[in-house]
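Geometric and topological summary
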Amino acid sequence: SGVTAAWCWNSIPEPAFSQLPDDVRSWEQDRYQAYQAWLAGQAIADVFQRATGFLNLAAVRVAAEASALAAWRSSCSPARNLSGWPSDPGR
């Protein structure tokens, strides 16, 4: 609905990272900074619209790659394996 589409992601206070192990601290800081940069203050509908656009683009590219791979595989001689060397008839 229009009301929920206008909702915004909240900005959140920075967590206490000092108590975390170094490797976890770095990951958590990156995650927090990405949230603040990409989500905080943004309309929820806008974020999901961008995500939908990205996923649609990714799906189109994957479908194109799959189609190209299927075409390539169907054009390969059945007497050859993927390496291009003749198959071993004894196998």
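Computed from a predicted model, the values in this text were never measured in an experiment. (Residues numbered from 1 in each chain as written. Predicted model: local features only at pLDDT ≥ 70, side-chain atom pairs only at ≥ 80, totals over all residues. Heavy atoms only, no water.)

Section: the overall build of the protein
Stated precisely, the cut-off is as follows: Labels follow the DSSP assignment, with helices taken as runs of H or I lasting at least four residues and strands as runs of E lasting at least two, numbered in each case from the N terminus. Working definition: with a 1.4 Å probe on protein chains only, accessible area under 20% of the residue-type maximum means buried, over 50% means exposed, and in between means partly exposed. In what follows, a contact means two residues having at least one pair of non-hydrogen atoms within 4.5 Å.
Counting its regular elements, the protein contains three helices and zero strands. Going residue by residue from the N terminus, the α and β elements of the protein occur as α-α-α. Counting every position in the protein, which comprises 91 residues, the buried fraction comes to 7%. For the protein, the share of sequence-separated contacts (at least 6 apart) that also reach a separation of at least 24 residues comes to 52%.

Overview of the packing of aromatic side chains
Threshold: The aromatic pairing rule takes the rings of Phe, Tyr and Trp, using the six-membered ring of Trp, and pairs them if the centres are within 6.5 Å, calling planes under 30 degrees apart stacked, those over 60 edge-to-face and the rest tilted.
Applying the stated criterion across every chain, the model contains three aromatic pairs. Aromatic pair Trp9 and Tyr35: ring centres 6.4 Å apart, planes at 85°, arrangement edge-to-face. With Trp9 in the loop between α1 (2–5) and α2 (22–38) and Tyr35 in helix α2, this residue pair connects regions lying 26 residues apart in the sequence. Accessibility expressed as a relative area gives 25% for Trp9, which makes it partly exposed. By relative accessible area, which is 21% here, Tyr35 ends up partly exposed.

Things to note about the pattern of salt bridges
Cut-off, in case you're wondering: The term salt bridge refers to a pairing of a side-chain nitrogen on Lys or Arg with a carboxyl oxygen on Asp or Glu at a separation within 4 Å.
Under the counting rule described, the total for this entry stands at two salt bridges. For Asp22, the salt bridge is made with Arg25, and the minimal N-O distance between the two is 2.8 Å. Taken as a pair, Asp22 and Arg25 lie in helix α2 at a separation of three residues, close to a single helical turn. Of the residues examined, Asp22 reaches a relative accessible area of 56% and is grouped as exposed. By relative accessible area, Arg25 is classed as partly exposed at 23%. Residue Glu28 is joined to Arg31 by a salt bridge in which the shortest nitrogen-to-oxygen separation is 3.0 Å. Here Glu28 pairs with Arg31, and both are found in helix α2, just three residues apart, close to one helical turn. Its relative accessible area of 48% is what places Arg31 among the partly exposed residues.

Geometric values such as these leave the question of function open.
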